[in-house]
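# Fold and contact review
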Amino acid sequence: MVLLTMVLTKYALIHSFIKSSYLSDFYFSILTLSVLLITAGGYIINDIYDVEADKINKPNKLFIDKTISKKRAWTTYFILTFMGLILGVFLSIFKLLPFYSLYFIFTIIGLFFYSKNLKKQILIGNILVSFFVGLTIFLLISFELDNHFETPNEGISNAFNMLFPFWYVIGYSFFAFLTTFVREIIKDIEDVNGDLKLKSNTLPIIIGRKRASKIAFFFSAVLLVFLLIILQIIKSNILILGYGIIFILAPLLYFLYKLWFSKSKQDYSHLSNILKIIMLFGILSMLLFAIN
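## Some points on the packing of aromatic side chains
Within a pair of aromatic rings, the relevant descriptors are the distance that separates the centres and the angle that separates the planes. Taken as a whole and assessed by the stated rule, the structure comprises 25 aromatic pairs. Plain terms: the ring middles of Y100 and F143 are 5.0 Å apart, the flat faces sit at 85° to each other, and that makes the pair edge-to-face. Here F143 lies in helix α6 (residues 124–150) and Y100 lies in the loop between α4 (70–94) and α5 (101–116), a separation of 43 residues in the sequence. Here the two residues Y100 and F143 agree in accessibility, since each one is buried. Aromatic ring contacts, followed pair by pair, group Y49, W74, Y77, F78, F112 and F113 into a single cluster. A cation over a ring is seen here: K10 above Y11, with NZ or CZ 5.5 Å from the ring centre. A cation sits over an aromatic face here: K214 above W260, 4.7 Å from the ring centre.

Quick look at the structure:
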């Protein structure tokens, strides 16, 4: 999903507005590989700290201490994360944007502490991991924008044109943030039994499953309003409007309906999968910009 998001953001969304890229295919590959390695490391460290909870919540999806040892998992985590950091720092320095190294450093530190203890705290971990998902999209436009303004002989009009994909990317980042945030709450409700054993302070443990479900419903409604505003803005484009209604808005309405009446662990697992599908169709909508 991360790879698909970055590829479509660059080659479908940004390139539909700006034909000449300011981040070459080679440097884009370095950026993408860096993000993928850090993301993979984040999944591993999360699984390492989730072993005891996963024995209860997801016994059929347990890999650490079952498929591979915890020691080997730690080694793999450090290798992948270090490689991702080196590539990210290299790209930032080579592109004369050393400050951008902080993106990668902050993400690595954030993912570590999220997995270690922040995910056990009410909403803090949910917000953090949702922020990182949105950052994946925003990071690419940041490199494109800064490299654009540093490129000589480019007129002000071309620089102004970059604002169009910039705001679209912001919109997609917000979409990714909200869908991930809602899904994180849903996952906390789904995994409440294992989290109780670890004495976590997640939202459903503090206020109960039903109230946590209503909070998830509220932010899903915020997402719905956001999508309605976007569809209102692009209503003149029939193709994008029809796609948004059929593949994003309709599944979200179905999700809201199911969320209101959900009670069991299986119900929330189903809801989590629906959000994955909504996010996938949301990202795939970038292709429509290239077509148009």
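## Focus on empty space enclosed by the protein
Applying the stated criterion across every chain, the model contains 1 cavity of 30 Å³ or more. Taken together, I38, G41, G42, Y77, T81, T107, I108, L111 and F112 make up the lining of the largest cavity. Contributing elements (two or more residues each) for the lining of the largest cavity: α2 (25–49), α4 and α5. Here the lining of the largest cavity gets 4 residues from one element, more than from any other, and that element is α5. Residue composition of the lining of the largest cavity, by class: 5 nonpolar, 4 polar and no charged.

## Here's the deal with a nonpolar patch on the surface
Where nonpolar side chains cluster on the molecular surface, the patch consists of F99, L102, I105, I109 and F113 and spans about 490 Å² of accessible area. Structurally, the position occupied by F113 is in helix α5.

## Here we look at the pattern of salt bridges
Summed over the entire model, instances satisfying the criterion amount to 4 salt bridges. With a closest N to O distance of 3.0 Å, E144 and K10 form a salt bridge. Pair noted here: E144 is in helix α6 and K10 is in helix α1 (residues 2–13), with a separation of 134 residues, a long-range link. Like E144, the residue K10 is buried in the burial classification. We note a salt bridge from E184 to K187, for which the minimum N-O separation is 3.3 Å. With E184 and K187 both in helix α8 (residues 163–190), this residue pair falls 3 residues apart, about one helical turn. Owing to a relative accessible area of 7%, E184 belongs among the buried residues under this scheme. Taking relative accessible area as the criterion, K187 reaches 22% and is therefore assigned partly exposed.

## Digging into the packing of α1 against α2
Two numbers describe a pair of packed helices, the interaxial angle and the distance between the axes. Running from N to C, α1 and α2 point in directions that differ by 155°, and their axes come no closer than 10 Å. With respect to α2, the axis of α1 lies roughly antiparallel. Note that α1 runs across α2; the crossing there is right-handed. Where α1 abuts α2, its residues V2, L3, M6, V7, K10 and Y11 lie against D25, F28, L31, T32, V35, L36 and T39. When grouped by side-chain class, the residues that make up the contact of α1 with α2 number 9 nonpolar, 2 polar and 2 charged.

## A closer look at the confidence of the model for the protein
Note that predicted coordinates carrying low pLDDT should not be read in detail. Considering every residue of the protein, the mean pLDDT works out to 88; 92% of them sit at 70 or more. Within the protein, the element-level pLDDT minimum falls on helix α7 (residues 156–161), averaging 50, and the maximum on α4, averaging 96.

## Looking at the side chain of T202
Examined against the element boundaries, T202 turns out to sit in the loop between α9 (192–197) and α10 (203–207). Look at T202 and you get buried, because its relative accessible area is 1%. Dropping the residues within four chain positions of it, T202 is found in contact with K119, K120, I122, D188 and D195.

Conventions adopted
- Residues numbered from 1 in each chain as written.
- Predicted model: local features only at pLDDT ≥ 70, side-chain atom pairs only at ≥ 80, totals over all residues.
- Heavy atoms only, no water.
- Phe/Tyr/Trp six-rings, centres within 6.5 Å; stacked < 30°, edge-to-face > 60°.
- Helix = DSSP H or I, 4+ residues; strand = E, 2+ residues; numbered from the N terminus.
- Buried < 20%, exposed > 50% of the residue type's maximum accessible area, 1.4 Å probe, protein only.
- Lys NZ or Arg CZ within 6 Å of the ring centre and 35° of its normal.
- 1 Å grid on protein atoms, 1.4 Å probe; cavity = no way out; pocket = protein on both sides within 12 Å on 5 of 7 lines; lining within 4 Å.
- Points joined across faces, edges and corners; volume = space filled by probe spheres on them.
- Nonpolar A, V, L, I, M, F, W, Y, C, P; charged D, E, K, R; others polar.
- Patch = residues over 30% accessible without salt bridge, like charges linked within 9 Å, V, L, I, M, F, W, Y side chains within 5 Å.
- Areas by Shrake-Rupley, 256 points an atom, 1.4 Å probe, with all protein chains shown as cover.
- Salt bridge = Lys/Arg side-chain N within 4 Å of Asp/Glu carboxyl O.
- Axes fitted to C-alpha atoms, helices over the stretch in contact; angles between N-to-C directions.
- Parallel < 35°, antiparallel > 145°, perpendicular 65-115°, else oblique.
- Left-handed = near helix turned anticlockwise from the far one by under 90°.
- Contact = heavy atoms within 4.5 Å.
- pLDDT = per-residue confidence, 0-100.

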